[in-house]
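Descriptive analysis of the structure
These are the residues of each chain, in order.
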Amino acid sequence: MKQITSLNEMVAFVHDTKLKQKSIGFVPTMGYLHEGHRALIKDARKENDIVVLSIFVNPTQFGPNEDFAKYPRDMKRDRDIATAEQVDILFTPTVQEMYPVQPLRVSLQAGKAARELCGASRPGHFDGVLTVLLKLFMLIQPARAYFGMKDAQQVAVVEGMVHEYFLPVTIRKVATVREEDGLARSSRNVRLTSEERKEAPVLYESLQFVRQYYDAHPHLTVDVLEAEWLRFLEEKLRFGSIDYARILSFPELQKPTFKGPQLAALAVRYSAARLIDNLLWEEE
Ligand code: PAF
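Before going into details, it helps to say that this report is about the structure given with it. Each residue is numbered by its place in its chain's sequence as written, counting from 1. Reporting in this predicted model follows two pLDDT cut-offs: at least 70 for local features of residues, and 80 or more for side-chain atom pairs to be given and counted; totals over whole chains, interfaces and linings ignore these cut-offs and use all residues. Calculated side-chain values reflect all of the structure's heavy atoms, with hydrogen atoms and water omitted.

For every residue, the accessible area (1.4 Å probe, protein chains only) is compared with the maximum for its type, and the residue is labelled buried under 20%, exposed over 50%, or partly exposed between those bounds. A helix here means a DSSP run of H or I that spans at least four residues, while a strand means a run of E at least two residues long, and both kinds are numbered starting from the N terminus. In terms of burial, strand β2 (residues 24-29) is largely enclosed, as six of its six residues are buried. Of the two faces of β2, the one holding I24, F26 and P28 and the one holding G25, V27 and T29 are both buried throughout. Both β2 and strand β3 (residues 50-55) contribute to a ladder of six bridges, which runs parallel. Across the sheet, F26 pairs through a bridge with V52, a residue of β3. Traced from β2 through helix α2 (residues 35-47) to β3, the parallel crossover comes out right-handed. Of the pairings in the sheet, the one linking β2 to strand β5 (residues 144-148) comprises two bridges and is parallel in character. Bridge pairing in β5 places G25 opposite R144. The criterion for strand pairing is that DSSP finds at least two bridges linking the strands in question. The definition of a right-handed crossover adopted here requires that, viewed with the strands pointing away, the path from the first strand over the helix to the second runs clockwise.

Right, let's talk about the environment of A265 for a bit. If you trace the backbone, A265 turns up in strand β8 (residues 260-269). Taking the C-alpha atoms as reference points, A265 and T193, separated by 72 residues in sequence, lie 23 Å from one another. Any two residues whose heavy atoms approach within 4.5 Å are treated as being in contact. Setting aside residues up to four positions removed in sequence, A265 forms contacts with L117, L207, W229, Y244, A245, R246, D277 and N278.

The subject of this paragraph is the site of the ligand. When we say a residue is near a molecule or strand, we mean one of its heavy atoms is within 4 Å of it. In the region of the ligand, the neighbouring residues are P28, T29, M30, N58, Q61, V129, V132, F147 and Q154. Here an oxygen atom of the ligand and a side-chain polar atom of Q61 are 2.6 Å apart. Polar contact is defined as a pair of N or O atoms within 3.5 Å, subject to the rule that within protein one atom must be able to donate a hydrogen and the other to accept it, and that residues adjacent in sequence are counted only when both atoms are side-chain atoms. One nitrogen or oxygen atom from the side chain of Q154 is found 2.7 Å from an oxygen atom belonging to the ligand. With residues, only the protein chains shown are counted as cover, and all accessible areas are computed by Shrake-Rupley using a 1.4 Å probe. Look at the ligand: alone it shows 290 Å² of surface, and the protein chains cover 87% of it. Residue composition of the shell around the ligand, by class: five nonpolar, four polar and no charged. Residues are sorted three ways: Asp, Glu, Lys and Arg are charged, Ala, Val, Leu, Ile, Met, Phe, Trp, Tyr, Cys and Pro are nonpolar, and all the rest, Gly among them, are polar.

Take unusual backbone geometry next. Backbone torsion omega between Q102 and P103 reads -5°, so that peptide bond is classified as cis. Looking at where P103 falls in the secondary structure, it is placed in the loop between α4 (95-98) and α5 (117-121). Omega for the bond connecting F250 with P251 falls within 30 degrees of zero, at 5°, which places this linkage in the cis form. With respect to the helices and strands, the residue P251 is situated in the loop between β7 (241-249) and β8. Not every positive phi belongs to a glycine, and L253 is a case in point at roughly 60°. One can find L253 in the loop between β7 and β8.

Let's shift gears to the nonpolar core. Core analysis: the biggest nonpolar cluster contains 50 residues, and M10, V52, F91, L133, F137, I140 and V158 have the highest contact counts within it. If one sorts the elements of this core by residue count, helix α6 (residues 125-140) sits on top with nine residues. If sequence neighbours within four positions are ignored, V52 has contacts with M10, I24, G25, F26, V27, I89, F91 and I140. Among the nonpolar cores identified, the runner-up in size contains 25 residues, and L192, V202, L266 and Y270 belong to it. Take the buried residues of types Ala, Val, Leu, Ile, Met, Phe, Trp, Tyr and Cys, join any two whose side-chain atoms come within 4.5 Å, and each joined set is a nonpolar core.

Below is the structure:
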């Protein structure tokens, strides 16, 4: 595996790879790799000649009071995981090279789907995600890019940009990887206290509850379903506080008509981490 930090070197590598007519599979990350990232890399490895993994904690997707400085980082461990997963290029650009001019001269604004769920409590977050991904897609020119469905809203917003701007990349969605007790794998899980960690599987339990409740009462309105879901969560949570628990159509993220894919998504705040999870299901 080769580590590239300079943008020029990355551009030269991509140019050479294209000349050789090799396909690039791209896994964008912010590092502190876990099983979820490994699943993305494994799929990329199967489907492409060259796998590029980026590690870049992107400052533009963090709000002023968010955890940019405290976001967990461990480059040595990440490098070992990337090597074990047979990544070809580990791309670790600097903030200075990715954002040479501040404030940005042109920035992207995500559409309607970005204003719900995490977008409501993290204004500007998805604008920052789209901005960095457009830069990375232009530099790396991947045939396919791999995203975990734990961040279902991110997938919806990124697919929106790809369609809107005719970007020549296929977005591959990879199923959420969970711990044995159901907790979705996340770099932020290390920031839970031991009591919070014990409680955290409740997020996924509550998603299964709402899905089963819907199956048992298919004629209920969304508002009633969401209220039942909140009641379930409030009874179980001692340490976490609910940021949102919503049922929306996917990928539009609008009030559902219960036709087509539905997304039940929630976010819970703990003392030093905010966890998200979701369940996607298809209605006839
Ligand atoms: O999902 C993430 O880790 C980030 O939002 C991404 C896609 C790497 C963009 O910074």
